[in-house]
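Next come the chains, spelled out residue by residue.
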Amino acid sequence: MITFYNDRHSLHQGRVEMFRGELVPCFEVAARADRVLDELRRRRLGAIEPAQAFDDAALSRIHASRYVEFLRGAWDEWVSLDPANARRDALPSVWPVRGHRSDVLPENFAARMGLFSFDAGTPLTAGTWQAARSGAWCALSAAGRVLAGERAAFALTRPPGHHAGQDFFGGYCFLNNAALAAQALRDGGAGRVAVLDIDYHHGNGTQCLFYERADVFYLSLHGDPRSEYPFYLGHADETGAGAGLGFNLNLPLPRGTGFAAWFAALAQALRAIADYRADALVVSLGVDTFAGDPISGFRLQSDDYFQVGEALATAGLPSVFVFEGGYAVAAVGINTANVLEGFQRRS
Ligand code: OKP
Ligand code: ZN
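Model, not experiment: these values are computed from the prediction.

A.B. asks: Could you give an account of the overall build of the chain, naming the residues involved and the relevant values?
C.D. replies: Of regular secondary structure, the chain possesses nine helices and 10 strands. For 347 residues, the compact-globule estimate of 2.2 N^0.38 gives 20 Å, and the C-alpha radius of gyration of the chain, at 19 Å, lies within 12% of that figure. Expressed as lengths along the three principal axes of its C-alpha atoms, the size of the chain is roughly 55 × 45 × 40 Å. Counting only residues that meet the buried cut, the chain has 52% of its 347 residues in that class.

A.B. asks: So what's going on with helix 8 (residues 304–313)? Which residues, and what values?
C.D. replies: Of the residues making up helix 8, those classed as buried are Asp 304, Tyr 305, Val 308, Gly 309 and Leu 312. Seen end-on, helix 8 carries its buried residues on one side only, within an arc spanning 145°. In the core, the buried residues of helix 8 are packed alongside helix 7 (259–276), strand 9 (280–285), strand 10 (319–323) and helix 9 (329–345).

A.B. asks: How would you explain the UniProt feature "domain: Histone deacetylase" (unreviewed entry) in the chain if you had to name every residue and give the values?
C.D. replies: Residues annotated in UniProt with the feature "domain: Histone deacetylase" (unreviewed entry) correspond here to residues 28–341. Taken end to end, residues 28–341 is 37% helix and 12% strand, and its first and last C-alpha atoms sit 24 Å apart.

A.B. asks: Give me the sheet that holds strand 10: which residues, what numbers.
C.D. replies: Here we have eight strands laid out as an open sheet, ordered 4-1-5-10-9-6-7-8, and parallel in their pairing. Both edges of this open sheet fall to strand 4 (48–50) and strand 8 (248–253), since each of them pairs with a single strand only. Neighbour-to-neighbour, the strand axes of this sheet turn through a mean angle of 20°, independent of strand direction.

A.B. asks: Talk me through the site of ligand 1; I want residue IDs and the actual numbers.
C.D. replies: Surrounding ligand 1, one finds 16 residues, the nearest of these being Phe 19, Gly 121, Gly 171, His 201 and Gly 325. Residue composition of the shell around ligand 1, by class: six nonpolar, six polar and four charged.

A.B. asks: Give me the lowdown on unusual backbone geometry, citing residues and values where you can.
C.D. replies: Here the bond from Arg 158 into Pro 159 is cis, since omega is -5°, no more than 30 degrees from zero. Counting through the fold element by element, Pro 159 comes out in the loop between strand 5 (152–156) and helix 5 (177–187). Cis peptide bonds are those with omega within 30 degrees of zero, and the linkage from Tyr 229 to Pro 230 qualifies with 10°. With phi around 70°, Tyr 172 is a residue other than glycine that occupies positive phi space.

A.B. asks: Explain the nonpolar core to me, and be specific about the residues and the numbers.
C.D. replies: Judged by nonpolar contacts, the single largest core of 104 residues is most densely connected at Ala 139, Ala 142, Ala 155, Ala 181 and Val 322. In terms of residues, this core owes the most to one element, helix 4 (residues 128–147), which gives 11 residues. Non-local contacts of Ala 181, meaning those with residues more than four positions away in its chain, are made with Ala 139, Leu 140, Ala 142, Ala 143, Ala 155, Val 282, Val 320 and Val 322.

A.B. asks: Account for the packing of helix 7 against helix 8, naming residues and giving values.
C.D. replies: Between helix 7 and helix 8, the least distance of the axes is 11 Å, while the angle of their chain directions is 10°. By the angle between their directions, the pair helix 7 and helix 8 is classed as roughly parallel. Contacts between helix 7 and helix 8 involve Phe 259, Phe 263, Leu 266, Ala 267 and Leu 270 from the former and Asp 304, Gln 307, Val 308 and Ala 311 from the latter. Classifying every residue of the contact of helix 7 with helix 8 gives seven nonpolar, one polar and one charged.

A.B. asks: Report on helix 1 (residues 31–43), specifying residues and quantitative values.
C.D. replies: In this model helix 1 runs 18 Å from its N-terminal to its C-terminal C-alpha over 13 residues, within 8% of the 18 Å that 1.5 Å per residue would give. Looking only at helix 1, the buried set comprises Arg 32, Ala 33, Arg 35, Val 36, Leu 37, Glu 39 and Leu 40. Among the residues trailing helix 1, Arg 44 stands out with phi positive, at a value near 50°.

A.B. asks: Outline the pairing of strand 5, listing residues and values.
C.D. replies: Burial of strand 5 is extensive: five of the five residues sit out of reach of the surface. Alternating residues of strand 5 divide into Ala 152, Phe 154 and Leu 156 and Ala 153 and Ala 155, and every residue in both groups is buried. One ladder, built from four bridges, connects strand 1 (residues 2–5) with strand 5; its direction is parallel. Bridge pairing in strand 5 places Ile 2 opposite Ala 153.

A.B. asks: If you had to explain the environment of Asp 55 to someone new, which residues and values would you point to?
C.D. replies: By the element assignment, Asp 55 lies in the loop between strand 4 and helix 2 (65–81). Sequence spacing of Asp 55 and Trp 137 is 82 residues, and the spatial spacing of their C-alpha atoms is 9.2 Å.

A.B. asks: Describe the packing of helix 1 against helix 9, listing the residues and the values that go with them.
C.D. replies: Taken N-terminus to C-terminus, the directions of helix 1 and helix 9 make an angle of 45°; their axes are 8 Å apart at the nearest point. In terms of axis orientation, helix 1 runs oblique to helix 9. In this structure, the crossing between helix 1 and helix 9 has a hand that is right-handed. Along its contact with helix 1, which presents Ala 31, Arg 32, Arg 35, Val 36, Asp 38, Glu 39, Leu 40 and Arg 43, the element helix 9 presents Val 329, Val 332, Gly 333, Ile 334, Thr 336, Ala 337 and Glu 341. Residues that form the contact of helix 1 with helix 9 fall into these classes: seven nonpolar, two polar and six charged.

A.B. asks: Outline the pairing of strand 3 (residues 22–25), supporting the account with residue identities and numerical values.
C.D. replies: Strand direction decides the pairing type here: strand 2 (residues 16–19) and strand 3, joined by four bridges, are antiparallel. Residue pairing across strands places Glu 17 opposite Val 24, the latter belonging to strand 3. Counted between consecutive antiparallel strands, the loop separating strand 2 from strand 3 contains two residues, among which Arg 20 sits at a positive phi close to 50°.

A.B. asks: I'd like a description of the environment of Thr 206, backed by residues and values.
C.D. replies: Counting through the fold element by element, Thr 206 comes out in helix 6 (residues 204–210). We classify Thr 206 as buried; it has 31 C-beta atoms within 10 Å. When neighbours within four sequence positions are excluded, Thr 206 is seen to be in contact with His 162, Asn 176, Ala 178, Ala 179, Val 195, Asp 197, Tyr 218 and Ser 284.

Reading the values: rules and limits
- Residues numbered from 1 in each chain as written.
- Chains lettered and ligands numbered in written order.
- Predicted model: local features only at pLDDT ≥ 70, side-chain atom pairs only at ≥ 80, totals over all residues.
- Helix = DSSP H or I, 4+ residues; strand = E, 2+ residues; numbered from the N terminus.
- Rg over C-alpha atoms; globule rule 2.2 N^0.38 Å.
- Buried ≥ 20, exposed ≤ 12 C-beta atoms within 10 Å, placed from the backbone.
- Arc of directions from axis to C-beta.
- Contact = placed C-beta atoms within 7 Å.
- UniProt positions renumbered as here; feature names shortened; annotations may be inferred.
- Pairing = 2+ DSSP bridges.
- Axes fitted to C-alpha atoms, helices over the stretch in contact; angles between N-to-C directions.
- Near = placed C-beta within 6 Å.
- Nonpolar A, V, L, I, M, F, W, Y, C, P; charged D, E, K, R; others polar.
- Core = buried A, V, L, I, M, F, W, Y, C linked by C-beta atoms within 7 Å.
- Parallel < 35°, antiparallel > 145°, perpendicular 65-115°, else oblique.
- Expected span 1.5 Å × (residues − 1).
- Left-handed = near helix turned anticlockwise from the far one by under 90°.

Structure follows, in structure tokens:
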């Protein structure tokens, strides 16, 4: 399988995230993508190419222009407030809630950080914009290659994307790479696109983006939001709205879920994709479902990921894989490559 590798991912290096009242070292580190790249090379799983460049208008197919503009200028603005900020990540600390206004764009930088985000676990750094934008290019390049007839392509990038919405960042995500790939597939002629999110965390950003659309079916297996991040979305009764009613499927599973129950849910999602008669598939490929993941609660083992890839291949669809979570750094390369190798075996 061809991989589009974001060679600028390490420009995004968060120092700290807010966790339980403390600033702790980030879990979302550059070594994650490096380990995946190492493992793909070691196994010779296919060509590894840099992404093509796109202009920012390509991002506006998914993201609000005022949000893209904010991200583009945020670091310089942060440093211009105080030169000492160059040594600190920017983290939001104030947010609008129910009954507050989001139509008026505040002048104050902190207020805009909060308007465009939903947590304090997602540091914005000197290289965040460049890294996220190049990552989006990987997803767009992978979609382009699949539209050109390739069976599958992998966008290997970080920061991840599935928590990012039309105009918000959070959950380590800034630009929604999977959503950009899905939209690119639609724009390139795929009539119906399924986005299957197998990261441990519900992809609240992706769900929001496509909730009222029938042409993109979002399906997710994830830790039950009653106890797991991102908490405020991802319940089973969220089935879509308006034209999108029936085209959103959440399969929340309890913390502690092992492979057998997880794989049964995957089979259910794949049946729903077959019934939908999708023309193409985007997989939000997080491997934080791994038993050894430091921030997640499922119990998949490394060998299980071969079967995951095989099952995904049985959908028989042109497929774009987009890298999301997976924080057990020593195993993230093996687990990710196992999915892709399993997929190739059945393709
Ligand atoms: C991003 B992705 C740990 C608390 C959880 C947010 C988790 C974001 C996961 N410090 N913080 O879906 O893998
Ligand atoms: Zn995750």
